[in-house]
Amino acid sequence: MKVYSNLLLKLSRHLFTNAGEQEKFIEALTHPQRFNPCILWCKQKPEVSPFVTEIAMPWQPKFIDRLSLGEKPGQNSLHEQGYFYCLDFSSVFAASVLLAIPQPVNLVFDMCAAPGGKSVFAWKSLQPNLLIGNEVIGKRLGMLISNLKRCEVEPSIVASKDSSFFADTIPLSSRLVIVDAPCTGQSLLAKGEKAPGCFHPTAINKSANRQKRIIANSARLVAPQGYLAYMTCTYSPEENEEVCEWFLQRFSQFKAVEAKHLEGYQSHLTALPCYRMFPQNGLGAGAFTVLFQNTEEGEEKVLDVEVLPAVWKNMSHRGAEGAEK
C-alpha cells in the first residue's frame, strides 16, 4: 500500500502545484463518492421525464440529462426500448468536444468504440450519413453491437480490425475519427472500482506508446479539413497532453481546435486547447479531451463500404449508397 500511496502522491504533485488541490485529488481517489447517473436520449424525450434531473451545465447538450442521485435509469423500461443510453457524465464531457465540429458530417469512424457511448453521442449530435464503430477486442464486440442495435443507430457498421488496417485501406475517408484511447484507467478509482498498477510508470509508458500508435494510424483516416477527437479516462499527462504534443510534432498538418464551450476546463498543463475534468469537482470521475483538425486542402475519398470487413451492419436508414455520398 505504501508504494501505491507514493505513486499517487507523485501523480498529484505532477498534476497540481497547490497542496490543497493535491489533497482533494487524492481524497477523491482513495475515498470515492457516488456521481450522478446520466442518460443520452436517443429518441424523443417524453414530455414528462420519468426521472428527477439536476440543473444542466452550460455546455451540456439538450439530449443529455444528468439525474439525481438514487435514480436507476437502467431499470426503467424505456432503457430496454432504446429510448436512452446510460453513460458517465465524464464521458459526456469528453464527447462534448464533438459539439465544436460544424455540420454536415458524412462519415464518423470510432476507432475504439466499445461499449458505444461516444458512437451514440456522435450519431445523435452530428447525424452522420454513416457511423463505423471498430473494436479490436473480440469479447467487447457484443456490447457494442447490442447498444447500437438497441439505440437504433443507423446506418452503422461494426468492424474488428487493428487501426493499421484502416489506415492502409481507407485513408482520407472520414470527416471525423474518434479515438477514445485505451489507457491506464486511473479514473476507475474515483468510482470505487479497481485499476491495478494504474499509477506505475511501466504501465503508463506502455499505455502511452499504444495510444501514440493508435492516434498515428487514426490520423491517416482523417479527410482534408476533417477532425480527429482524442480522449481518455485517465489523469497521467504522459497519456494525455504529452501524447497531443507528440502527435502535433509528427503530424504537422493537424492543429488543435478550441472548443469554446469547454474553455472553463482548459488544462493548466499545456498551452494547447485541451480540456480536463477532475474527480474532486464532483461532476464525474474524470476525463481528458481534445479536438484536432486536418488543415490540408483537398477532397475526402469516397468510401466503398464493401471493402470493410464488417462484423455487423445496419444500413436500413439510408442504405449503403447514401452512406457513400
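Please read these numbers as outputs of a predicted model, since none were measured by experiment.

What follows covers the confidence of the model for the protein chain. Averaged over the protein chain, the pLDDT score is 95; the fraction of residues at 70 or greater is 96%. Counted against residues more than four places away or in other chains, residues 318-325, with its pLDDT under 50, gives 17 contacts.

We now examine the packing of helix α8 (residues 201-219) against helix α9 (residues 241-250). Here α8 crosses α9 at 40°, and the two axes come no closer than 10 Å. Our classification of the angle between α8 and α9 gives oblique. Where α8 crosses over α9, the two elements pack in a sense that is right-handed. Along its contact with α8, which presents Ala208, Gln211, Lys212, Ile215, Ala216 and Ala219, the element α9 presents Val243, Trp246 and Phe247. Considering only residue class, the contact of α8 with α9 consists of 7 nonpolar, 1 polar and 1 charged.

Across soluble globular proteins, nonpolar side chains show a tendency to be buried alongside one another. Formed by 48 residues in total, the largest nonpolar core has its most connected members in Leu40, Leu98 and Leu176. Listed by contribution, the elements that provide at least two residues to this core are β1 (38-41), α4 (89-95), α5 (117-126), α6 (141-150), β7 (174-180), β8 (222-232), β10 (274-277) and β11 (287-294). If we skip the residues at most four places from it in the chain, Leu40 touches Phe63, Ile64, Tyr83, Phe84, Tyr85, Leu87, Val120, Phe121 and Lys124. Ranked by size, the runner-up nonpolar core spans 37 residues in total, among them Phe109, Ile157, Phe292 and Met315.

Turning to the UniProt feature "binding site: S-adenosyl-L-methionine" (unreviewed entry) in the protein chain, a few remarks are in order. According to UniProt, the feature "binding site: S-adenosyl-L-methionine" (unreviewed entry) maps to Cys112, Ala113, Ala114, Pro115, Gly116, Gly117, Lys118, Glu135, Asp162 and Asp180 in the numbering used here. Positionally, Ala114 belongs in the loop between β4 (107-110) and α5. A relative accessible area of 8% places Ala114 in the buried class. Dropping the residues within four chain positions of it, Ala114 is found in contact with Glu135, Arg140 and Leu144. Within the secondary structure, Lys118 is located in helix α5. Filtering out sequence-adjacent residues up to four positions away, Lys118 remains in contact with Ser91, Ala94, Ala95, Asp110, Ile178, Asp180 and Met231.

Strand order in the open sheet formed by 3 strands is β2-β1-β3, with antiparallel pairing between adjacent strands. Among the strands making up the open sheet, the edge pair consists of β2 (64-66) and β3 (84-86). Neighbour to neighbour, the strand axes of the sheet diverge by 25° on average, direction disregarded. Taken together, the 3 bridges between β1 and β2 define a ladder with antiparallel strand orientation. Across the sheet, residue Cys38 finds its bridge partner in β2, namely Arg66. Those strands touched by α5 are β1, β2 and β3, and its axis lies near 40° from that of β1.

Parameters at a glance
Residues numbered from 1 in each chain as written. Predicted model: local features only at pLDDT ≥ 70, side-chain atom pairs only at ≥ 80, totals over all residues. Heavy atoms only, no water. pLDDT = per-residue confidence, 0-100. Contact = heavy atoms within 4.5 Å. Axes fitted to C-alpha atoms, helices over the stretch in contact; angles between N-to-C directions. Helix = DSSP H or I, 4+ residues; strand = E, 2+ residues; numbered from the N terminus. Parallel < 35°, antiparallel > 145°, perpendicular 65-115°, else oblique. Left-handed = near helix turned anticlockwise from the far one by under 90°. Nonpolar A, V, L, I, M, F, W, Y, C, P; charged D, E, K, R; others polar. Core = buried A, V, L, I, M, F, W, Y, C linked by side-chain atoms within 4.5 Å. Buried < 20%, exposed > 50% of the residue type's maximum accessible area, 1.4 Å probe, protein only. UniProt positions renumbered as here; feature names shortened; annotations may be inferred. Pairing = 2+ DSSP bridges.

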